[in-house]
Amino acid sequence: QSEEQWREVDAYMAQKLIGADPLLDAALQRNSEAGLPAHDVAINQGKLLNLFAQMCGARMVLEIGTLGGYSTIWLARALPEGGKVITLEYSEKHAEIARRNIEAAGVGDKVEIIVGAAADSLPKLQDRAPFDLIFIDADKPNNPVYLEWALKLARKGTVIIGDNVVRNGAVTDPQSEDANVIGVRRFIDMIEAEPRLDATALQTVGSKGWDGFTLAIVR
Ligand code: SAM
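Conventions and cut-offs
Residues numbered from 1 in each chain as written. Predicted model: local features only at pLDDT ≥ 70, side-chain atom pairs only at ≥ 80, totals over all residues. Heavy atoms only, no water. Near = heavy atom within 4 Å. Polar contact = N/O pair within 3.5 Å; in protein donor to acceptor, adjacent residues only side chain to side chain. Areas by Shrake-Rupley, 256 points an atom, 1.4 Å probe, with all protein chains shown as cover. Nonpolar A, V, L, I, M, F, W, Y, C, P; charged D, E, K, R; others polar. Helix = DSSP H or I, 4+ residues; strand = E, 2+ residues; numbered from the N terminus. Buried < 20%, exposed > 50% of the residue type's maximum accessible area, 1.4 Å probe, protein only. Phe/Tyr/Trp six-rings, centres within 6.5 Å; stacked < 30°, edge-to-face > 60°. Lys NZ or Arg CZ within 6 Å of the ring centre and 35° of its normal. Contact = heavy atoms within 4.5 Å. Pairing = 2+ DSSP bridges. Right-handed = clockwise from strand over helix to strand, strands pointing away. Axes fitted to C-alpha atoms, helices over the stretch in contact; angles between N-to-C directions. Parallel < 35°, antiparallel > 145°, perpendicular 65-115°, else oblique.

(A) Representation of the site of the ligand in the model. Of all residues adjacent to the ligand, which total 20 residues, the nearest are G65, S71, E89, H94 and D137. Taking V41, its main chain carries an N or O atom lying 2.9 Å from an oxygen atom of the ligand. A distance of 2.8 Å is found between a nitrogen atom of the ligand and a side-chain nitrogen or oxygen belonging to D137. When isolated, the ligand has an accessible area of 610 Å², and the protein chains bury 88% of it. For the shell around the ligand, the per-class residue count stands at nine nonpolar, six polar and five charged.

(B) Highlighting the environment of N142. Structurally, the position occupied by N142 is in the loop between β4 (133-136) and α7 (143-152). Overall, N142 belongs to the partly exposed group, its relative accessible area being 27%. Sequence separation between N142 and V184 is 42 residues; the distance between their C-alpha atoms is 8.7 Å.

(C) View of the packing of aromatic side chains. If you walk through the whole model with that rule in mind, you get zero aromatic pairs. The ring of W74 carries the charged tip of R77 above its face, separated from the ring centre by 5.5 Å. Sitting over the face of the ring of W149, K152 holds its NZ or CZ atom 4.1 Å from the ring centroid.

(D) The arrangement of the side chain of T214 in detail. Assignment of secondary structure puts T214 in strand β7 (residues 209-218). Not counting residues up to four positions away in its chain, the partners in contact with T214 are I160, I161, G162, V165, F187, I188, I191, T200 and A201.

(E) Region of interest: the pairing of strand β3 (residues 111-115). Sheet topology note: the strand β2 (residues 84-89)/β3 ladder contains five bridges and is parallel. If you follow E89 over to β3, its bridge partner there is V115. Following the chain from β2 across helix α5 (residues 92-104) to the adjacent parallel β3, one finds a crossover that is right-handed.

(F) Representation of the packing of helix α1 (residues 3-18) against helix α3 (residues 43-55) within the structure. Where α1 meets α3, the closest approach of the two axes is 9 Å, and the angle between their N-to-C directions is 45°. Classed by the angle they form, the pair α1 and α3 counts as oblique. The segment α1 lies against α3, with D10, A14, L17 and I18 engaging I43, N44 and K47.

Here you go:
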């Protein structure tokens, strides 16, 4: 099967089940004009995050890795009045574009962006915990650090999602010297060994190629 077909199926499903969304299109347009990498989740995965947040009745969401705020907007839209997404971003430039996108999407009151290395910001969030849903989508070599903090900032029932864990299949290669693959493999090892987590992982194909995510719930 070809990537062209994956893209067609994504477009078909998005058109049928999600529909036109000029505000999200505008966010992607602003990202591209500002030269941000197109590392946002695909539209159907953005909607999946939104559905997960609705399914667990999330009020407090933690996102690690904002980029231009595309996934942030999807998550914020799922929250009730008074709900918050706290999203961590290293790059001031990315955060600035994200602020604009989030305001323009009308969810500014539901989002707080914290600029800096996530590993420095996470310890400062202990008085905002527990979070109901945590989405890990930043620099993959630090995934083990992020999972450790996610567990500290969680409660029983918290949903933890880790993106980009398949990496074109490279995740199964124990000899890989790619720091991203090594980070993801350590992350998977930690989930395996963590009695507090009940987890699975799914491979995905589509407009973003071949990748996947882990999904876990804290027992
Ligand atoms: N979640 C976003 C979305 O789907 O729209 C995509 C996030 S992108 C895959 C990863 C982001 O993590 C980039 O914006 C990058 O600047 C940021 N990042 C990289 N290293 C980081 C760090 N140490 N702390 C916080 N953010 C970091």
